[in-house]
Amino acid sequence: MISLAAVTLLAAAAVANAATGVATFNNYDAQGGVACSGFSSTNSQGNGIYAAALGDLSPLWTGPACAGSVNGSNCNGSGGCIDCTGPSCSGEGQCGNCFQISCAGSLDGETSGACTGNTIVVKVIDACPATHPENYCKLSQFGGNVPSNQCCEAAGVNAFDIATTAQSVLSTYQYNLNINIEPVSC
Ligand SMILES: *[C@@H]1O[C@H](CO)[C@@H](O)[C@H](O)[C@H]1NC(C)=O
Ligand SMILES: *[C@@H]1O[C@H](CO)[C@@H](O)[C@H](O)[C@H]1NC(C)=O
């Protein structure tokens, strides 16, 4: 029999590992390359595991942030980039690590749709760099209209860009999600 104190400790440990964040969605099958060396750009990473990129401003990010800097001259003034070259992310420490993800609600205030209650496992195979022009050019200061927490530009927010094939498994919302996150073995 497990004592009440032990149960309390286990619950505290589970809470200590849990985190929250946001999910956007990306089609890795169409992307062609990823930041983590040795991993392929496919939505499915085998064993029911989905691909994901982690934003380099995320508290869960380990290792040095991606190289590069934010330079508005690379933006076209209406949300797109002119020079769309991304930075190197050679120090990404979470490559190959897995996280259990569940939906905690709509990030865009959608009133139709719901979380399914399903949990999925994602494997980090890519980075979502704040210094990538395809991300920062979407900010309003460069003429875009995407909130900072939906283009990997919000400091202190765990940002996962997850395989599009996982979207309908997590929720019936159409767009981005608030999520619960827990590290798990792959
Ligand atoms: C910003 O980008 C432009 C165009 O690529 C370049 O000419 C300029 O040197 C860059 N500025 C900085 C501070 O890196
Ligand atoms: C800027 O880039 C976006 C995304 O590629 C594109 O949809 C838009 O038409 C471009 N705007 C201009 C003014 O070139």
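Residues numbered from 1 in each chain as written. Chains lettered and ligands numbered in written order. Predicted model: local features only at pLDDT ≥ 70, side-chain atom pairs only at ≥ 80, totals over all residues.

Visitor: It is not clear to me how the pairing of strand 5 (residues 158-163) should be interpreted in this structure. Could you clarify?
Guide: Each regular strand carries side chains that alternate between the two faces of the sheet. With six of its six residues buried, strand 5 lies for the most part within the structure. Relative to strand 5, strand 1 (residues 19-26) runs parallel, the two sharing six bridges. Paired with glycine 21 across the strands is asparagine 158, a residue of strand 5. (Buried ≥ 20, exposed ≤ 12 C-beta atoms within 10 Å, placed from the backbone. Helix = DSSP H or I, 4+ residues; strand = E, 2+ residues; numbered from the N terminus. Pairing = 2+ DSSP bridges.)

Visitor: I would appreciate a short explanation of the site of ligand 2 in the present structure.
Guide: Close to ligand 2 lie Asn76, Ser78, Gly79 and Gly80. Along the lines of polarity and charge, the residues of the shell around ligand 2 split into no nonpolar, four polar and no charged. (Near = placed C-beta within 6 Å. Nonpolar A, V, L, I, M, F, W, Y, C, P; charged D, E, K, R; others polar.)

Visitor: Just to check I follow, could you spell out the pairing of strand 3 (residues 98-106) for this structure?
Guide: In the sheet, strand 3 pairs with strand 4 (residues 119-128) via five bridges, with the strands oriented antiparallel. If you follow phenylalanine 99 over to strand 4, its bridge partner there is valine 122. The pairing of strand 3 with strand 6 (residues 177-184) spans eight bridges and is classified as antiparallel. Its bridge partner lying in strand 6, isoleucine 101 is registered against isoleucine 181.

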